[in-house]
Amino acid sequence: MSIVTVQLGQCGNQIGHEVFSALCSDIRGTHGLCSKKENESYQDSCMERFFCEEESAVPAARAVLVDMEPKVISQALSMAARSGHWKYSSHSHFCQKQGSGNNWANGYSVHGPRHKEAIMNLVQKEAEKCDRLGGFFTIMSMAGGTGSGLGAFVTQCLRDAFPTSFILNHLIWPYGTGEVIVQNYNSVLTLSHLYHSSDALLVHENDVIHKICAQLMNIKQISFRDVNQVIAHQLGSVFQPTHTAGGGSGYSRNPLGDLMEALVPHPEFRMLGLRNIPQMPENSLPFSTFSWPGLIKHLRQMLIANAQMEEGIDWQVRPPHPGSSMPSTNKPLHFNTSIANLVILRGKDVHGVDLGSFQDPSLYTSWLNPEDAFSAWKTPRAFNKYEKSASLVSNSQFLLKPLDSIVGKAWNMFASKAYLHQYTKFGIQEEDFLDCFTTLEQVISSYTNL
């Protein structure tokens, strides 16, 4: 099944370009470390998922690019074409001359309705090129105007136009110190609207990726491109083909459906976080060796201690003792409770790996059977030059703190009516804000009580 990617705004289009580049360089690499037959079926599966073969020999990304300013889209189109290995279709982008000025309401209430038909026509055309449509993957930021406001609007349109398709929104969480003064408003509005129309929200925090670039990748002057490449690597490590547990011998046919089935057992809980190990500069790879037990041990501790990377994990955090029916308020400090986890292993000797430590009932909420709450996908085909790599997609309390903080900051501004006139002039009223706060307070409370 194929996935149509919708890239929204500056951030979405820059990351989207890096994602397709990462997928393409991975399937072209000779570092598969697996049989020729395995490698070929992996490549075919990836091509079906993300690219469509056009008359020219160069595969075209199954993507729609949307922005209210032309600059970033024209950069993405020309960089893809220059690579010679993949391209964007010539008629799959929509841009205008004026931006949304970091105003969510402008993107959602003005640009969205005005350009709905043109944008949805492009999406419809991409969807019709798929033999079987598995769903939509949107990439957008939460802080700006086009990506977040227009992104929320387009997601609602996708839900209306394709009621039975899966929609996964990939969101970039803004830096805590902030690039945009109204980013907390924009984020609250985006999250609450997406919670109603999306199947799941997969979140990357800018601060976390920045730390990975600095501490693990040893990059001195970190650019947006460096950050986006780390994000693209992590996304590729999830969306490249794998064998699912019950999937027989072939590669999983329905990646978005499988992801939702593994991770979203209840509509109240849709926030997914992503961790990936190991991560290091490419020139260090030849000098590094990893063992599966070591990687799994680190990944599990990253999960329960809510660590963002394999450096600086708090090893003191332990799960609560089984059998002690403690109310959730007495949980060990900093312990991160999960609803559902998915571990994805790629590379050498994956089939002998023991993942029993992830099936420990004390990691999960009491209302789900641990067998149902944990899934593992594997493939002997290595990813992006890493002999062994493991990813964790987790529906857990990973995002509780940042969510609480962003809602708190937005509420403080709202209480003093700061900057509200910028939204009301585009038709977003105070009641709309209050509805959004209510939605997110409910989400926070649900995750807190796990």
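Here the residue numbering is sequential within each chain, running from 1 through the sequence in written order. Side-chain atom pairs in this predicted model are given and counted only at pLDDT of 80 or more, local residue features only at pLDDT of at least 70, and totals for whole chains, interfaces and linings cover all residues. In computing side-chain properties, one takes all heavy atoms of the structure into account and sets aside hydrogens as well as water.

Where an unreviewed UniProt entry is consulted, the protein chain appears under the name Tubulin delta chain, with the organism given as Prunella himalayana. UniProt positions are given in the numbering used here, feature names are shortened, and annotations may be inferred rather than shown by experiment. UniProt, in its Function (unreviewed entry) section for the protein chain, records the words "Acts as a positive regulator of hedgehog signaling and regulates ciliary function." Of the comments in the UniProt record for the protein chain, the one headed Cofactor (unreviewed entry) reads "Mg(2+)".

As defined here, a cavity is a set of points on a 1 Å grid over the protein atoms alone where a 1.4 Å probe fits but cannot get out. A pocket is an open set with protein on both sides within 12 Å along at least five of seven lines, and residues line them when an atom is within 4 Å of a point. Grid points are joined across faces, edges and corners, and a volume is the space filled by probe spheres set on the points. Counting across every chain of the model gives 1 cavity of 30 Å³ or more. Taken as a whole, the largest cavity spans an internal volume of roughly 90 Å³. Taken together, 14 residues form the lining of the largest cavity, with V203, E205, V208, L274 and R275 sitting closest to its centre. Counting from the N terminus, the helices are the DSSP runs of H or I reaching at least four residues and the strands are the DSSP runs of E reaching at least two. Listing elements by their share of the lining of the largest cavity, those giving two or more residues are strand 9 (200-205), helix 7 (206-216) and strand 10 (271-277). Looking at the lining of the largest cavity, the element that brings in the most residues is strand 10, giving 4 residues.

Now for the sheet that holds strand 7 (residues 133-141). The criterion for strand pairing is that DSSP finds at least two bridges linking the strands in question. Pairing is mixed across the open sheet formed by 10 strands, whose spatial order is 6-4-1-7-8-9-10-13-11-12. Edge strands, defined here as strands with exactly one partner in the open sheet, are strand 6 (93-95) and strand 12 (374-379). Within the sheet, the average angular offset between the axes of one strand and its neighbour, ignoring direction, is 20°. Sheet analysis places strand 8 (residues 166-173) next to strand 9, joined by 6 bridges and oriented parallel. Note that in strand 9 the partner of N169 across the bridge is L201. For every element, the axis is a line fit to its C-alpha atoms; helices are fit only across the contacting stretch, and the angle between N-to-C directions ranges from 0 to 180 degrees.

Between the rings of Phe, Tyr and Trp (Trp by its six-membered ring), a pair exists once the centres lie within 6.5 Å; its type follows the angle of the planes, with under 30 degrees stacked, over 60 edge-to-face, and the other angles tilted. Inspection of the entire model under this criterion finds 21 aromatic pairs. Geometrically, the ring pair formed by W104 and Y108 is stacked, given 4.6 Å between the ring centres and 15° between the ring planes. Of the two residues, W104 and Y108 are both situated in helix 4 (residues 104-128); the distance of 4 residues between them amounts to about one turn of the helix. One exposure class covers both W104 and Y108, and it is buried. The rings of Y185, W411, F414, Y423, F433 and F437 are connected pair by pair, giving a single aromatic cluster. Above the plane of the ring of Y195 lies R270, whose end atom (NZ or CZ) is 5.8 Å from the centre. Across from the ring centre of F383, 5.8 Å away, lies the NZ or CZ of R346, which sits over that ring. The rule is simple: take the accessible area with a 1.4 Å probe, protein chains only, and divide by the maximum for that residue type; under 20% is buried, over 50% is exposed, in between is partly exposed. In our convention, an over-ring charge means Lys NZ or Arg CZ found within 6 Å of a ring centre and within 35 degrees of that ring's normal.

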